[in-house]
There are 2 protein chains.
Amino acid sequence: MKSVGLIVEYNPFHNGHYYHMQESIKQTGADLAIAVMSGYFLQRGEPAMVSKWLRTKMALEGGADIVIELPYAFSTGKAEIFANGAISLLTALQTDEICFGSEAGSIEPFEHTIDFLAQHRESYEEKLRTFMAEGYSFPKAASLAFQGLDRNGKTIDLSKPNNILGFHYVKAILNQESSVKASTIPRTGANFHDPDLGEQKIASATGIRNAILAGNEPLKAIRRVVPDITYNLLQEAQEAFGTFHSWEKLYPYLKYRLLTSNPQELAQIYEMEEGLEYRLLKQIKQADSFTSFMKQVKTKRYTWTRLQRLCVHVLTNTTKKEMAPLLEIPKASYIRLLGMSEKGQTYLNRIKKNLELPLVSTLSQHVDPLLDLDKRAADCYALGFPEAVRTGKLQEEYSTPPIRKL
Amino acid sequence: MKSVGLIVEYNPFHNGHYYHMQESIKQTGADLAIAVMSGYFLQRGEPAMVSKWLRTKMALEGGADIVIELPYAFSTGKAEIFANGAISLLTALQTDEICFGSEAGSIEPFEHTIDFLAQHRESYEEKLRTFMAEGYSFPKAASLAFQGLDRNGKTIDLSKPNNILGFHYVKAILNQESSVKASTIPRTGANFHDPDLGEQKIASATGIRNAILAGNEPLKAIRRVVPDITYNLLQEAQEAFGTFHSWEKLYPYLKYRLLTSNPQELAQIYEMEEGLEYRLLKQIKQADSFTSFMKQVKTKRYTWTRLQRLCVHVLTNTTKKEMAPLLEIPKASYIRLLGMSEKGQTYLNRIKKNLELPLVSTLSQHVDPLLDLDKRAADCYALGFPEAVRTGKLQEEYSTPPIRKL
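Predicted model, so just to flag it, every value in this text is computed and none were measured.

Q: Kindly report on helix 17 (residues 320-328) of chain B, identifying the contributing residues and their values.
A: All names here are of chain B. Within helix 17, burial applies to Met-323, Leu-326 and Leu-327. Taken end-on, helix 17 shows its buried residues confined to a sector of 90 degrees, consistent with a single buried face. Exposed positions of helix 17 whose direction lies more than 90 degrees from the buried face are Lys-321, Pro-325 and Glu-328. Lining the buried residues of helix 17 we find helix 3 (72-75), helix 4 (79-92) and helix 19 (369-383).

Q: Which residues make up the side chain of Lys-52 of chain B, and what values go with them?
A: All names here are of chain B. Residue placement: Lys-52 occurs in helix 2 (residues 52-61). Only 2.6 Å separates the side chain of Lys-52 from the side chain of Glu-397, close enough to count as a polar contact. Apart from the residues within four sequence positions on either side, Lys-52 is in contact with Met-37, Gly-39, Tyr-40, Glu-69, Arg-336, Leu-338 and Glu-397.

Q: Please set out the pattern of salt bridges residue by residue, giving values where relevant.
A: Going through the model one piece at a time under the given rule, you end up with 34 salt bridges over all chains. Across the pair Glu-322 of chain B and Arg-376 of chain B runs a salt bridge whose closest N-O atoms are separated by 2.6 Å. With Glu-322 of chain B in helix 17 and Arg-376 of chain B in helix 19, this pair connects stretches of sequence that are 54 residues apart. Through salt bridges with shared partners, a single network forms among Lys-52, Glu-69, Arg-336 and Glu-397 of chain A.

Q: How would you summarise the interface of chain B and chain A if you had to cite specific residues and measurements?
A: Listed per partner, the contact involves 25 residues of chain B and 25 residues of chain A. Buried surface at the junction of chain B and chain A, summed over both partners, amounts to about 2400 Å²; 54% is from carbon and sulfur atoms. Per-residue buried area on chain B facing chain A is highest for Tyr-256, Thr-260 and Lys-285 of chain B; these three make up 28% of the total on that side. Scanning the region where chain B abuts chain A turns up two salt bridges. The residue Lys-285 of chain B makes a salt bridge to Asp-379 of chain A at a minimum N-O spacing of 3.2 Å. Within the residue set of the side of chain B that touches chain A, elements represented by two or more residues are helix 12 (247-259), helix 16 (304-316), helix 19 and helix 20 (387-399) of chain B. The leading source of residues in the side of chain B that touches chain A is helix 12 of chain B, at six residues. Here the residues of the side of chain B that touches chain A sort into ten nonpolar, seven polar and eight charged.

Q: Break down the packing of aromatic side chains for me, citing the residues and quoting the values.
A: A full pass over the atoms with the stated rule returns 30 aromatic pairs over all chains. Between Phe-41 of chain B and Tyr-72 of chain B, the ring centres sit 6.3 Å apart and the planes meet at 85 degrees, which makes this aromatic pair edge-to-face. Pair noted here: Phe-41 of chain B is in the loop between strand 2 (32-38) and helix 2 and Tyr-72 of chain B is in helix 3, with a separation of 31 residues, a long-range link. Here the aromatic cluster, defined as three or more aromatic residues joined through ring pairs, consists of Tyr-40, Phe-41, Tyr-72, Phe-241, Tyr-381 and Phe-385 of chain A. Across from the ring centre of Tyr-231 of chain A, 4.2 Å away, lies the NZ or CZ of Arg-223 of chain A, which sits over that ring.

Reading guide: rules and limits
Residues numbered from 1 in each chain as written. Chains lettered and ligands numbered in written order. Predicted model: local features only at pLDDT ≥ 70, side-chain atom pairs only at ≥ 80, totals over all residues. Heavy atoms only, no water. Buried < 20%, exposed > 50% of the residue type's maximum accessible area, 1.4 Å probe, protein only. Helix = DSSP H or I, 4+ residues; strand = E, 2+ residues; numbered from the N terminus. Arc of directions from axis to C-beta. Contact = heavy atoms within 4.5 Å. Polar contact = N/O pair within 3.5 Å; in protein donor to acceptor, adjacent residues only side chain to side chain. Salt bridge = Lys/Arg side-chain N within 4 Å of Asp/Glu carboxyl O. Buried area = accessible area lost by both parts, 1.4 Å probe. Nonpolar A, V, L, I, M, F, W, Y, C, P; charged D, E, K, R; others polar. Phe/Tyr/Trp six-rings, centres within 6.5 Å; stacked < 30°, edge-to-face > 60°. Lys NZ or Arg CZ within 6 Å of the ring centre and 35° of its normal.

These results come straight from atomic positions and should not be treated as a statement about function.
Take a look at the structure:
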């Protein structure tokens with residue numbers, strides 16, 4: 001049984017994801033697809049629009065056979081940490097091959113880029129320091145430093161977001177000496193962060209989220225660019241809760257946390273650096289929405305994503321002290337099963353006795369510092385729901401068994 | 001100009017408070033009345049129903065000439081701390097005499113009780129320890145220990161709540177070597193914590209709050225037992241915000257704080273003792289209201305008030321470390337002016353140059369660790385308002401000048 005691994009967020013699952021899923025299966029000749037999916041908080045430092053359970057259903061209907069949660073510590077990390085966490089899970093699940101979407105579209109340039117950077121490490125790092133000193137954000141400085149090297153024509157363009165992720169997947173496989181093979185397919189139809197929906201059947205998730213949050217009849221606007229299952233589940237969620245989850249729902253708690261913390265306490269939060277705590281404290285009282293808060297806090301030195309991730313860590317009270325041992329070797333220590341098809345179940349039964357990591361089916365069963373973060377993230381996410389459903393939502397996370405697609 | 005000092009909460013100001021104010025002025029022959037009033041959080045560990053500004057207006061209309069805020073560190077403290085903070089402020093304001101309501105009704109038995117306890121300290125403390133060891137709460141054990149002594153007939157009944165407060169006022173005056181004279185008048189019409197409104201024109205504040213929170217037409221129910229000004233201001237508040245402030249409004253934040261804190265962090269909160277943090281953490285996820293949370297947490301050993309105060313400190317993130325230096329000598333370090341009449345202003349102008357403490361008129365002017373707690377308390381209180389008014393409420397506390405009654 002050949003398996004292909006996908007690393008995803010599905011916020012929400014759209015036609016582009018469906019295309020990627022089907023193409024990955026076809027191109028790798030896989031018998032089953034394993035999706036490692038971020039839970040409640042995503043790499044851009046945002047809460048997911050809908051719960052991990054709805055997104056798991058979307059993934060299963062879209063063709064995934066096993067859906068595994070990427071733990072909070074990795075799902076909200078920078079590309080390198082995100083990639084290492086995901087690869088470690090796919091390795092533990094004995095995945096044969098990963099297949100990621102990229103702007104480059106073929107795998108060799110990724111390997112060349114890793115070699116090239118290893119050979120030119122000193123000059124790369126010198127350029128990186130120079131650009132950082134000029135006030136550029138880390139990702140921008142890294143991209144500029146790389147572009148500034150005398151490249152050999154075989155490297156990828158590291159200013160493209162999917163190339164960056166792919167680069168780190170391939171690098172994580174090398175570093176972890178993983179047996180997983182890497183392949184890639186070209187991204188099609190929409191750029192990663194296109195703000196608009198465009199005219200085609202494929203739009204970016206960013207464009208879809210913007211359309212949903214802006215529109216009067218939000219779901220009508222996205223009908224064309226998502227599969228039926230996504231449309232139906234989003235409609236259910238809208239009927240149940242009125243709106244979709246967003247940072248604005250959680251902003252009162254972020255505001256409360258900041259207003260009741262002193263700079264010394266905030267300095268202990270993971271990713272709080274260079275006196276950012278004073279910047280946050282200075283702006284929080286005036287800002288009456290998360291968006292206006294972020295606009296006040298934003299500078300050239302920090303990307304929006306970097307600051308949003310920091311806010312997620314403030315919200316969940318994730319400290320440097322608790323993250324340090326988890327990221328020393330950024331690998332998962334358990335496999336949290338969110339859902340499976342019949343084929344997925346057969347596969348899991350087959351590899352079960354050789355699994356190196358414990359398979360966690362419900363949260364209440366397992367104790368692990370890495371899982372503590374997932375629990376806190378789930379609790380914070382639930383508090384953003386209207387009061388009436390909050391308590392139920394808090395329980396849901398602890399009692400929901402993996403979703404089965406028959 | 002003779003001044004009389006009153007120590008109050010006015011939650012809300014009712015006919016009994018009006019009676020006490022007028023009787024105190026009459027009995028002491030005072031020319032003006034100074035009220036030291038708790039701010040947003042009260043001695044029973046609850047948020048005030050309406051803001052300190054509305055309650056200041058009530059106080060001024062009811063006959064007070066100067067309204068001063070009792071800082072958070074004292075207003076949410078046990079009787080001894082509460083009394084010491086209040087007496088230190090009245091002393092700083094050169095008040096001639098305080099006049100408190102009590103079940104005993106005359107001042108000599110209070111002085112006798114202090115003498116008596118000083119003489120029988122050892123046997124009192126031994127009995128206190130015995131009752132504590134039997135699992136009684138501190139106030140209950142203290143009352144039982146006192147009753148168990150062979151008393152001389154001249155002491156007061158220390159199981160009565162107003163006698164306890166009065167006892168600590170008189171004791172604080174002695175300990176602080178204050179020049180303030182103490183007098184008392186009998187409480188009339190309603191017991192301190194009577195849960196019902198009764199038939200008379202005087203009802204307990206507890207009864208009034210219960211009627212307001214329970215009723216369909218809450219203000220109609222209390223019309224008979226509050227002055228016009230209270231009725232009108234409560235009506236305004238109800239129209240503006242729909243309901244009145246209560247623990248339930250702040251419960252989402254308490255829940256969030258507990259769900260994102262570990263036992264070690266909670267152990268640092270002021271008044272967190274004997275592993276109470278584990279008790280709170282165990283119950284918080286299930287409880288969908290503050291009341292049901294408290295019912296789950298309550299035991300014989302801890303009074304409801306004690307636990308509510310602890311929850312206030314969790315909410316405001318008030319730590320043992322920051323309280324220790326403030327309570328070493330529990331005295332105020334500033335005078336926060338909330339309101340004054342013309343007569344009050346004349347008095348303040350007269351004593352201004354001899355004041356031992358700074359007079360603070362707006363929050364933004366002054367820096368003091370004691371005041372930091374007032375600011376955090378104000379911020380937390382404001383977060384309980386509906387989203388639309390929250391930011392305005394946050395600003396209000398920092399920019400509102402003292403209220404003037406002309």
